[in-house]
Amino acid sequence: MNSNKKIAVLSSGGDAPGMNAAIRAVVRKGIYHNIEMYGVLHGFEGLIRGDIQEMKIGSVADIVHRGGTILKTARSEEMFTLEGQKKAANQLLEKGIDALIVIGGDGSYRGAQKLAELGIKVVGVPGTIDNDIVGTDQTIGFDTAVNTVVDAVSKLRDTATSHERAFIVEVMGRHCGDIALRSGLAIGAESILIPEISFNLEEISEKLLRGYRRGKRHSIIIVAEGSGAVADISAKLKDYSGFECRVTILGHIQRGGAPTASDSVLGATMGGKAVEVLLEGKSEVMISHINNDIIDRPLSLAFTPKPPFNPKLYNLANELAI
Ligand code: F6P
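Reference entry: report on the structure contained in this document. Every chain begins its residue count from 1, and numbering advances along the sequence as written. Whole-chain, interface and lining totals are the exception, using all residues; otherwise, since this is a predicted model, local features are given only for residues with pLDDT of at least 70 and side-chain atom pairs are given and counted only at 80 or more. Excluding hydrogens and water, the side-chain figures rest on all heavy atoms present in the structure.

1. Some thoughts on the packing of aromatic side chains
Aromatic ring pairs: the centre-centre distance and the angle between the two ring planes describe each pair. What counts here: Centre distance within 6.5 Å is the pairing criterion for rings of Phe, Tyr and Trp, where only the six-membered ring of Trp is used; planes under 30 degrees apart are then read as stacked, over 60 as edge-to-face, and the remainder as tilted. A run of H or I in DSSP counts as a helix once it spans at least four residues, and a run of E counts as a strand once it spans at least two, with each numbered from the N terminus. For each residue, the accessible area found with a 1.4 Å probe, counting protein chains only, is set against the maximum for its type, and the residue is called buried under 20%, exposed over 50%, and partly exposed in between.
Inspection of the entire model under this criterion finds one aromatic pair. Taken together, a centroid distance of 5.1 Å and an interplanar angle of 65 degrees make the contact between Y212 and F243 edge-to-face. Residue Y212 is located in helix α7 (residues 201–213), and its partner F243 is located in the loop between α8 (230–241) and β9 (245–249); the two are separated by 31 residues in the primary sequence. Owing to a relative accessible area of 37%, Y212 belongs among the partly exposed residues under this scheme.

Shown next, in the form of structure tokens:
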């Protein structure tokens, strides 16, 4: 790709802290290499409407430390249709933009894949708090979300201790238990329920009772949203153990806030790499964090089945919460 080419960037799907750092890196790295840079507002929805603006050095000033995404985001139904995909591709081609960097989850990557089939060069950058994209060890936003959960639970722990109560805390992650597992291990949760591992509420109640007999007067149970309805889990635990469990659903606070340093660095390095691979002439690739390195891999990898769940952390968390 030579210097008179144009690259656009968009964010899509659920926002994630660190997306702004990635957008900044994409725009500045492109400008550094004399490429005209464009930002698409409101994800694929905005692309279909032609909501595209040129990005200058100053367009991404003062954003590296901010949560959310300055480009806004959306979940687009129209992008699932061929008509929507053609409109989106044409909006880019009409403006002479032949490459698009998509920051989002695997749903957003599917949109990118469709555009590639219509002649656009595409690169996916993994931005989602869920950490659920096949082909990368970590996604932008995951670390911040885990830290948000840890912070919230430390507050809940104060009231749990004062009232000698058990708390069930539901965290996000869609079908993935990574936020629950990482935060649960970090805060020393009594139990962690994740969709990847079946659980037995009678055994969990027994564990709560064992703790109680040892003098433990409060407990924290972290439940990934994909593990089932927390209200039902709470009712069953009460039936089995007699403990009244308070339920807290952390919800969208997990998507907000300033990115951790780790997510800002991940955003910057992945954003920079996305421009680099386009300069090398590559397309239909995703940027991945593998063994502490930032590399590019085929985009199609993200659409393959999830590898078997590695139970290492889960087993450790269980061993530590005897
Ligand atoms: O994918 C990110 C995520 O926050 C998931 O953890 C959650 O299930 C979903 O998005 C919520 O989506 P929405 O913001 O559209 O309600």
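Don't stop here, the text continues.
2. A look at the nonpolar core
Selection rule: Only buried residues count toward a nonpolar core. Its members are Ala, Val, Leu, Ile, Met, Phe, Trp, Tyr and Cys residues joined through side-chain atoms within 4.5 Å. Domain boundaries shown here were taken from an automatic or database domain assignment.
The biggest cluster of nonpolar side chains holds 56 residues, and the ones touching the most others in it are I101 and I222. Broken down by element, the residue count for this core peaks at eight residues, all from helix α5 (residues 142–163). Split by domain, the residues of this core number at least three in each of domain 1 (6–141 + 259–303) and domain 2 (143–256). L47, L92, I97 and A112 belong to the second largest nonpolar core, which has 25 residues in total.

3. Details of the sheet that holds strand β6 (residues 166–171)
Condition: Two strands make a pair as long as DSSP finds a minimum of two bridges between them. Axis definition: a line fitted to C-alpha atoms, limited for helices to the stretch in contact. Angles are taken between N-to-C directions and run from 0 to 180 degrees. We call two residues in contact whenever any of their non-hydrogen atoms come within 4.5 Å of each other.
Overall, parallel pairing links the four strands, which are arranged β7-β8-β6-β9 in an open sheet. In this open sheet, the two strands that pair with only one neighbour each are β7 (191–193) and β9. When the angles between neighbouring strand axes are averaged without regard to direction, this sheet yields 20 degrees. Taken together, the five bridges between β6 and β9 define a ladder with parallel strand orientation. Looking at the pairing, I168 lines up with V247 of β9. Running at roughly 165 degrees to strand β8 (residues 219–224), helix α6 (residues 178–187) makes contact with β6, β7 and β8 of the sheet.

4. Overview of the site of the ligand
Condition: We call a residue near a molecule or strand when any one of its heavy atoms sits within 4 Å of it. Any N or O atom pair separated by 3.5 Å or less is treated as a polar contact, with the protein-specific requirement of one donor-capable and one acceptor-capable atom, and with residues adjacent in sequence counted only for side-chain atom pairs. What sets the accessible areas is the Shrake-Rupley method with a 1.4 Å probe; for residues, cover comes only from the shown protein chains.
The environment of the ligand is made up of R75, T128, I129, D130, M172, G173, R174, E225, H252 and R255. Side-chain polar atom of R174 to an oxygen atom of the ligand: 3.4 Å apart, as the coordinates give it. Here an oxygen atom of the ligand sits 2.6 Å away from a polar atom, N or O, in the side chain of E225. The protein chains hide 75% of the 400 Å² of surface that the ligand would expose on its own.

5. Observations regarding the pattern of salt bridges
In plain terms, the rule: For salt bridges, the criterion is a side-chain nitrogen of Lys or Arg within 4 Å of an Asp or Glu carboxyl oxygen.
Evaluation of the coordinates by the stated rule reveals 18 salt bridges. A salt bridge links K56 to E54; its shortest N-O distance comes to 3.2 Å. Note on E54: relative accessible area 35%, which makes it partly exposed. Its salt-bridge partner being K114, residue E117 comes within 3.9 Å of it at the nearest N-O pair. Highlighted residues: E117 and K114, both in helix α4 (residues 106–117), separated by three residues, approximately one helical turn. When its relative accessible area of 33% is taken as the criterion, K114 is described as partly exposed. Through salt bridges that share partners, K5, D98 and K121 make up one connected network.

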